[in-house]
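Listed below are the residues making up each chain.
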Amino acid sequence: MKDRKILTGEDYIQSLRGRKLKVFLMGEQVNEPVDHPVMRPSINAMARTYDLALEESDLATAMSPFTGERVNRFLHIATNAEEVVLQNKMQRRLGQLTGTCFQRCVGMDALNALYSVTYEIDAQRHTSYHARLKEFIQQMQYHNTVIGGAMTDVKGDRSKPPSQQADPDMYLHISKRTKEGVYIRGAKAHQTGCINSHWLIVMPTLRLQPDEVDYAIVGALPVEAEGITYVVGRQSCDTRSLEGEIEAGNAEFSGQEALIIFEDAFIPNNLIFMNGETEFTAMLVERFTAFHRRSYVCKSGVGDVLIGAAATIADYNGVEKASHIRDKLVEMTLLNETIYATGIAASYQSQVTSSGAYLCDELLANVCKQQVTRITYEMARLAQDLAGGLLVTMPSEADYRSVETGPMLEKYLRGREDVPTESRMRILRLIENLTLGRNAVGYLTESLHGAGSPQAQRIQIQRQMQLEFKQQLAKKLAGIEESRS
Ligand code: SF4
């Protein structure tokens, strides 16, 4: 493995160069994603996870029992509740700094879930996945790599399980087994930050049946492995990155999602962490999604940016003291802290697993994510309310820079006398970026569907809502005595 010794965000960006990935965007092959103006903002967002580790070491690094050194927290296995909580605090901070999805949490949540699941597979099946995983984690920590977690299959006909699909490639599966390892075929959709990663971990997306052993594959492979193609997803207004800097709204940072297609890509034996143990797929999916659903406190960090932008446009419009404006900002804060409170509560309530790694509270994690699916939309509505209609009718930066129309726009787009027109335009473009534009992908639709669509959380909440226990409480206080005979 190449020694990357990455320390800074800039080191990380340089480590992505020259990898010769097969990446397509808008019908063209992208030879160097680092230099592509539409892709670069997502790379910048990932790079912040490196710089934060240097700027705020207590928050974004942890002492590794594997290397005996401080490592990036995104690569650390949490072995007490406080460390699970610190993941959330780091995520909120990064949301504040980037105003978007910084993409590195999926790998963190995958490693933490796999750590306990591989331990339990080995205990029952006498396999050696856990030791392999520990070796892999140690290598990743040493090289400070980015790991993308690839779970969501494209799923084909949703009424049919993997083994009944007309095309078996609708779910990632083993296409060939050799003495050295396995070859995999299929595709993973909506893959956050995958092109900006160094490694991918593939995992099954749902509970599998005993005859679906070829779909029960978990393993790691380098992003540049042979047989992998990436097709970058469009984001609303992504080509604004090719226009003026004001037009982008948040010119520096964005998220990234792509479709990954695996055409007989190879995973060697030492990087396989599950191979056919279908009875453990539900445990893996549930543990991974629990971690990742409370990781959505990242949206409270982005929400802090949106609240700040809404308060700023109110200020620039000269209405910051109006009571109904203050009340809307209070409402936004109340909503935003509700996301944070449920996520961090899930982390505080973490319990130890038999591997020694801690697992967050699954019920509260699902409550957090369900709140995220709604709250961000209400926050966006309030921000647009405070921004006013100019948010969607404002002329372009090119018109503002034009000698002919520029002076007119300078005059007529001004709000408060002492605030430059350009500042007002910039903050409006940021609100547009977060609620309608490129980073609305991360703030809104990703909040709805990322880490499972709303119904997926409701199913988990239903499983854990303890209705019988609650009925007993009520009946006791109501003086109801029931005999079940
Ligand atoms: Fe992290 Fe949030 Fe992006 Fe998921 S959506 S990878 S939790 S920043």
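Scroll up to find the structure this text is about.
Since this is a predicted model, take the numbers as computed values, not measurements.

Cut-off values and rules
In this convention, every chain numbers its residues from 1, walking through the sequence in written order. Totals for whole chains, interfaces and linings use every residue, but because this is a predicted model, local features are given only for residues with pLDDT of at least 70 and side-chain atom pairs only at 80 or more, for both listing and counting. Hydrogens and water molecules were not included; the side-chain quantities draw on all heavy atoms of the structure. For salt bridges, the criterion is a side-chain nitrogen of Lys or Arg within 4 Å of an Asp or Glu carboxyl oxygen. Secondary structure counts use DSSP, requiring at least four H or I residues in a row for a helix and at least two E residues in a row for a strand, with both numbered from the N terminus. Only protein chains enter the area calculation, which uses a 1.4 Å probe; residues under 20% of their type maximum are buried, those over 50% are exposed, and those in between are partly exposed. Think of a polar contact as two N or O atoms within 3.5 Å of one another; within protein, one of them needs to be a possible hydrogen donor and the other a possible acceptor, and neighboring residues in sequence only count if both atoms come from side chains. Whether two residues are in contact is decided by their heavy atoms: any pair within 4.5 Å suffices. We call a residue near a molecule or strand whenever a single non-hydrogen atom of that residue lies within 4 Å of it. In this classification, Asp, Glu, Lys and Arg are treated as charged, Ala, Val, Leu, Ile, Met, Phe, Trp, Tyr, Cys and Pro as nonpolar, and every other residue, Gly included, as polar. One fewer than the residue count of a helix, multiplied by 1.5 Å, yields its expected span. In this analysis an axis means a line fitted to C-alpha atoms, helices contributing only their contacting stretch, and an angle means the value between N-to-C directions, from 0 to 180 degrees. Helix crossings get a hand from a simple test, with the near helix turned counterclockwise from the far one by less than a right angle marking a left-handed crossing and a clockwise turn marking a right-handed one. Pairing between strands requires that DSSP locate at least two bridges from one strand to the other. Comment on the angle field: the value is read as roughly parallel under 35 degrees, roughly antiparallel over 145, roughly perpendicular from 65 to 115, and oblique elsewhere. Note on terminology: a nonpolar core comprises buried Ala, Val, Leu, Ile, Met, Phe, Trp, Tyr and Cys residues joined through side-chain atoms within 4.5 Å. We call Phe, Tyr and Trp rings a pair once their centres come within 6.5 Å, taking the six-membered ring for Trp, and we label the pair stacked below 30 degrees between planes, edge-to-face above 60, and tilted otherwise. We call a charge positioned above a ring when the Lys NZ or Arg CZ atom is no farther than 6 Å from the ring centre and deviates by at most 35 degrees from the ring normal.

As for the pattern of salt bridges
- Applying the stated rule across the entire model yields 30 salt bridges.
- D169 is paired through a salt bridge with R185; the nearest N and O atoms lie 3.3 Å apart. Residue D169 is found in the loop between β5 (147-150) and β6 (173-177), and its partner R185 is found in strand β7 (residues 181-192); the two are separated by 16 residues along the sequence.
- R429 is the salt-bridge partner of E432, the closest N and O atoms lying 3.1 Å from each other. Taken as a pair, E432 and R429 lie in helix α15 (residues 421-435) at a separation of three residues, close to a single helical turn.
- A relative accessible area of 10% places E432 in the buried class.
- Members of the salt-bridge network, linked through shared partners, are E245, E397, R401, E422 and R426.

Topic: the side chain of Q256
- Residue position: Q256 is located in the loop between α7 (245-248) and β11 (257-268).
- Within polar-contact distance, the side chain of Q256 engages the backbone nitrogen of I195 at 3.1 Å.
- Apart from the residues within four sequence positions on either side, Q256 is in contact with M39, S42, Q103, Q191, T192, G193, C194, I195, N196 and Q235.

Comments concerning the site of the ligand
- As a matter of local geometry, the ligand sits amid C101, F102, Q103, C105, V106, H292, S295, Y296, C298, K299 and E446.
- Elements supplying a minimum of two residues to the shell around the ligand: α5 (105-125) and α9 (298-316).
- Taken together, the residues that form the shell around the ligand break down as six nonpolar, three polar and two charged.

Some details on the side chain of R294
- Relative to the helices and strands, R294 is located in helix α8 (residues 281-294).
- Overall, the relative accessible area of 0% leaves R294 in the buried class.
- Within the local environment of R294, its side chain forms a polar contact with the side chain of D109, the two groups lying 3.3 Å apart.
- With sequence-adjacent residues up to four places away left out, R294 is seen in contact with V84, Q87, N88, Q91, M108, D109, G343, A346, S347, C360, A365 and C368.

Some thoughts on helix α6 (residues 129-143)
- Spanning 15 residues, α6 covers 21 Å between terminal C-alpha atoms, matching the ideal 21 Å at 1.5 Å per step.
- When α6 is considered as a whole, its buried residues turn out to be Y129, H130, L133, F136, I137, M140, Q141 and H143.
- On the buried face of α6, the contacting elements are β4 (70-72), α5, β5, β8 (199-202), β9 (217-222) and β12 (272-275).
- The positive-phi residue at the C-terminal boundary of α6 is N144, with phi of around 50°.

As for the packing of α9 against α15
- Contact pair α9 / α15: the axes reach a minimum separation of 10 Å and the direction vectors enclose 145°. Handedness of the crossing formed by α9 with α15: left-handed. Along its contact with α9, which presents V302, V305, L306, A309, A310, T312, I313 and Y316, the element α15 presents S423, R424, I427, L428, L430, I431, L434 and T435.

Description of the sheet that holds strand β2 (residues 28-29)
- An order of β2-β1-β10-β11-β7-β6 is seen for the six strands of this open sheet, with the pairing classed as mixed. Of all the strands in the sheet, the pair left with one neighbour each is β2 and β6.
- Examined bridge by bridge, strand β1 (residues 23-25) and strand β10 (residues 228-232) share two bridges and lie parallel to one another. When the sheet's bridge partners are listed, V23 is paired in β10 with Y230.

Observations concerning the packing of α9 against helix α16 (residues 440-449)
- The N-to-C vectors of α9 and α16 enclose an angle of 140°; their axes lie 11 Å apart at closest approach. Classed by the angle they form, the pair α9 and α16 counts as oblique. As α9 packs across α16, the resulting crossing turns out to be left-handed. Mapping the contact onto sequence places K299, V302, G303 and L306 in α9 and G442, Y443, E446 and S447 in α16.
- Across the contact of α9 with α16, the residue classes break down as three nonpolar, three polar and two charged.

Some details on the sheet that holds β12
- The four strands are arranged β5-β8-β9-β12 in an open sheet whose pairing can be described as mixed. The outermost strands of the open sheet, each flanked by one partner alone, are β5 and β12. Recorded for the sheet is a direction-independent mean angle of 20° between the axes of neighbouring strands.
- Two strands pair when backbone bridges link them, and β8 and β9 are joined in this way by four bridges, in the antiparallel orientation. By the bridge assignment for β9, I201 is matched with A220.

Some words on the nonpolar core
- Grouped together as the largest cluster of nonpolar side chains are 71 residues, with contacts concentrated most on F136, I184, L221 and F262.
- It is α5 that contributes the most residues to this core, eight residues altogether.
- Formed by 44 residues, the second largest nonpolar core is a distinct cluster that contains L335, Y340, I375 and M394.

A closer look at the packing of aromatic side chains
- A full pass over the atoms with the stated rule returns six aromatic pairs.
- Considering the side-chain rings of Y183 and F266, the 5.0 Å spacing of their centres and the 45° angle between planes classify their relative orientation as tilted. Here Y183, found in strand β7, pairs with F266, found in strand β11; they are 83 residues apart in sequence, far enough to count as distant.
- Relative accessible area serves as the criterion here: at 29%, F266 is assigned to the partly exposed category.
- A connected cluster of aromatic rings, assembled from ring pairs, spans F136, W199 and F273.
- Between K176 and the ring centre of Y183, over which it is positioned, the NZ or CZ distance is 4.9 Å.

A closer look at the environment of L133
- The residue L133 is located in helix α6 in this model.
- L133 gets classed as buried once you look at its relative accessible area, which sits at 0%.
- C-alpha of L133 to C-alpha of G233: the two residues are 100 residues apart in sequence and 31 Å apart in space.
- Excluding residues within four positions of it along the chain, L133 makes contact with L111, L114, Y115, T118 and F273.

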